[in-house]
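# Chains, contacts and geometry: an overview
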Amino acid sequence: VQLVESGGGLVQPGGSLRLSCAASGSIFSSYAMGWYRQAPGKQRELVARISSGGISSGGDTNYADSVKGRFTISRDNAKNTVYLQMNSLKPEDTAVYYCAQYSNSYYFSRIDYWGKGTLVTVSS
């Protein structure tokens, strides 16, 4: 399984970015997916996760309190891709963002695979 993130970069506070994670090597639609981040000197933390069905198919999402109302996770099972729309970005959102695939259709399961990450820097 390969997970390849893209879409990171430098953005000013208050700006927006959309991250993408393209998956290959598995039946993407069968697995829950998540976004995590790791800031310098800090532990990796959950940002958002989504069950296998996706929102339009009655799937479930879950967010860290720090990003609720600002970030939206979604997936396109036809494209084997999960997205993270990030709005109203703050300097404290600066981190390397990682895509993760869980071991089954729901996100209360172990993470089996990680991407290599994409850097998001929020600065003026």
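Everything below is about the structure shown above.
Let me sum up the structure you'll find in this document. All figures in this text were calculated on a predicted structure; none of them were measured in a lab.

Next up on the list: the sheet that holds strand β1 (residues 2–6). In spatial order, the strands read β1-β3-β8-β7; together these 4 strands make up an open sheet with antiparallel pairing. In the strand order of this sheet, the two ends are held by β1 and β7 (71–76), each with one partner. Sheet twist, expressed as the mean angle between neighbouring strand axes with direction ignored, is 15 degrees. Bridging between strand β3 (residues 17–24) and strand β8 (residues 81–86) involves 6 bridges; their strand directions are antiparallel. If you follow Arg18 over to β8, its bridge partner there is Gln85.

Turning next to unusual backbone geometry. Glycine aside, residues mostly have negative phi angles, and peptide bonds mostly take the trans form. Unlike most non-glycine residues, Asn80 shows phi in positive territory, near 55 degrees. In this structure, Asn80 sits in the loop between β7 and β8. Judged by relative accessible area, which is 26%, Asn80 ranks as partly exposed.

This brings us to the packing of aromatic side chains. Per the stated rule, a full pass over the model turns up 5 aromatic pairs. Plain terms: the ring middles of Tyr98 and Trp114 are 6.4 Å apart, the flat faces sit at 90 degrees to each other, and that makes the pair edge-to-face. Of this pair, Tyr98 sits in strand β9 (residues 95–102) while Trp114 sits in strand β10 (residues 111–114); the two residues are 16 residues apart in sequence, bridging distant segments of the chain. Residue classification places Tyr98 among the buried positions, given a relative accessible area of 13%. Owing to a relative accessible area of 38%, Trp114 belongs among the partly exposed residues under this scheme. By the ring-pair criterion, three or more aromatic residues cluster together here, those being Tyr36, Tyr98 and Trp114. Positioned over the ring face of Trp114 is Arg44, at 4.4 Å from the centre of the ring.

Conventions and cut-offs
- Residues numbered from 1 in each chain as written.
- Predicted model: local features only at pLDDT ≥ 70, side-chain atom pairs only at ≥ 80, totals over all residues.
- Heavy atoms only, no water.
- Pairing = 2+ DSSP bridges.
- Helix = DSSP H or I, 4+ residues; strand = E, 2+ residues; numbered from the N terminus.
- Axes fitted to C-alpha atoms, helices over the stretch in contact; angles between N-to-C directions.
- Buried < 20%, exposed > 50% of the residue type's maximum accessible area, 1.4 Å probe, protein only.
- Phe/Tyr/Trp six-rings, centres within 6.5 Å; stacked < 30°, edge-to-face > 60°.
- Lys NZ or Arg CZ within 6 Å of the ring centre and 35° of its normal.

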